[in-house]
Amino acid sequence: MTPGTLIKETREKRNMTQKELADALNYDNPQFLSLIENGHSKLPAYSAKAYCAVLGIKPALMKKAFVNEYVERLERMGLK
């Protein structure tokens, strides 16, 4: 699971829209969230703590998602 997938699944479980999450994070619009959730952009590590706080995600789970994303990328490069 990537950070984007974790965010999307958690947001949906909490019945939040992307707009509501964007507002809670003080973003002007939810487009960046859409890009992260759909894997078109990476979640900046410096903002992970804010997402955890707003969505109630355990930091260890977010950390694991970052590691998984990195491992997946390395494996696609042929490093297994």
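Preceding this paragraph is the structure being described.
Please read these numbers as outputs of a predicted model, since none were measured by experiment.

Scoring rules and cut-offs
- Residues numbered from 1 in each chain as written.
- Predicted model: local features only at pLDDT ≥ 70, side-chain atom pairs only at ≥ 80, totals over all residues.
- Heavy atoms only, no water.
- Phe/Tyr/Trp six-rings, centres within 6.5 Å; stacked < 30°, edge-to-face > 60°.
- Buried < 20%, exposed > 50% of the residue type's maximum accessible area, 1.4 Å probe, protein only.
- Helix = DSSP H or I, 4+ residues; strand = E, 2+ residues; numbered from the N terminus.
- Arc of directions from axis to C-beta.
- Contact = heavy atoms within 4.5 Å.
- Expected span 1.5 Å × (residues − 1).
- Axes fitted to C-alpha atoms, helices over the stretch in contact; angles between N-to-C directions.
- Parallel < 35°, antiparallel > 145°, perpendicular 65-115°, else oblique.
- Nonpolar A, V, L, I, M, F, W, Y, C, P; charged D, E, K, R; others polar.

*Asks:* Please explain the packing of aromatic side chains as it appears in this structure.
*Replies:* By convention here, two paired aromatic rings are described through the distance between centres and the angle between planes. Under the defined criterion, the tally for this structure stands at two aromatic pairs. Aromatic side chains Tyr27 and Phe32 sit 6.1 Å apart centroid to centroid with 70 degrees between the ring planes, which places their arrangement in the edge-to-face category. Note on Tyr27: relative accessible area 24%, which makes it partly exposed. For Phe32, a relative accessible area of 30% gives the class partly exposed. Clustering of aromatic rings is evident, with ring pairs tying together Tyr27, Phe32 and Tyr51.

*Asks:* Which parts of the structure should I look at to understand helix H1 (residues 3-13)?
*Replies:* An α-helix turns once per 3.6 residues; consequently, residues spaced three or four apart project the same way. Those residues of H1 that fall on the buried side of the exposure criterion are Pro3, Gly4, Leu6, Ile7, Thr10 and Arg11. Burial along H1 is one-sided: seen end-on, the buried residues are contained in an arc of 160 degrees. Check the buried side of H1 and you find it contacts helix H2 (18-24), helix H3 (31-37), helix H4 (48-55) and helix H5 (59-76). Just past H1, the residue Asn15 takes up positive phi, approximately 55 degrees.

*Asks:* Even after reading the chapter, I still don't get H5, so can you show me in this structure?
*Replies:* With 18 residues, H5 should cover 26 Å at 1.5 Å per step; its first-to-last C-alpha distance of 26 Å lies within 8% of that length. Taken residue by residue, H5 has Met62, Ala65 and Glu69 as its buried positions. Summarising the axial view, the buried residues of H5 lie within an arc of 50 degrees, below the 170-degree limit, and thus occupy one face. Structural note: H5 exposes Pro59, Ala60, Lys63 and Lys64 on the side pointing more than 90 degrees away from its buried face.

*Asks:* What exactly am I supposed to notice about unusual backbone geometry here?
*Replies:* Glycine aside, negative phi is the norm for most residues, and most peptide bonds take the trans geometry. Residues other than glycine seldom take positive phi values, yet Asn15 does so here, at roughly 55 degrees. Inspection of the secondary structure assignment puts Asn15 in the loop between H1 and H2.

*Asks:* I tried to follow the packing of H1 against H5 on my own but got confused; where do I start?
*Replies:* How two helices sit against one another is set out by the angle between their axes and by the gap between those axes. Two elements in contact, H1 and H5, have axes whose closest approach is 8 Å; the angle formed by their N-to-C orientations is 140 degrees. Considering the angle they form, H1 stands oblique to H5. Contacts between H1 and H5 involve Pro3, Leu6 and Ile7 on the former and, on the latter, Leu61, Met62, Ala65, Phe66 and Glu69. Here the residues of the contact of H1 with H5 are counted per class, giving seven nonpolar, no polar and one charged.

Keep in mind that these numbers describe shape and distance, not what the molecule does.
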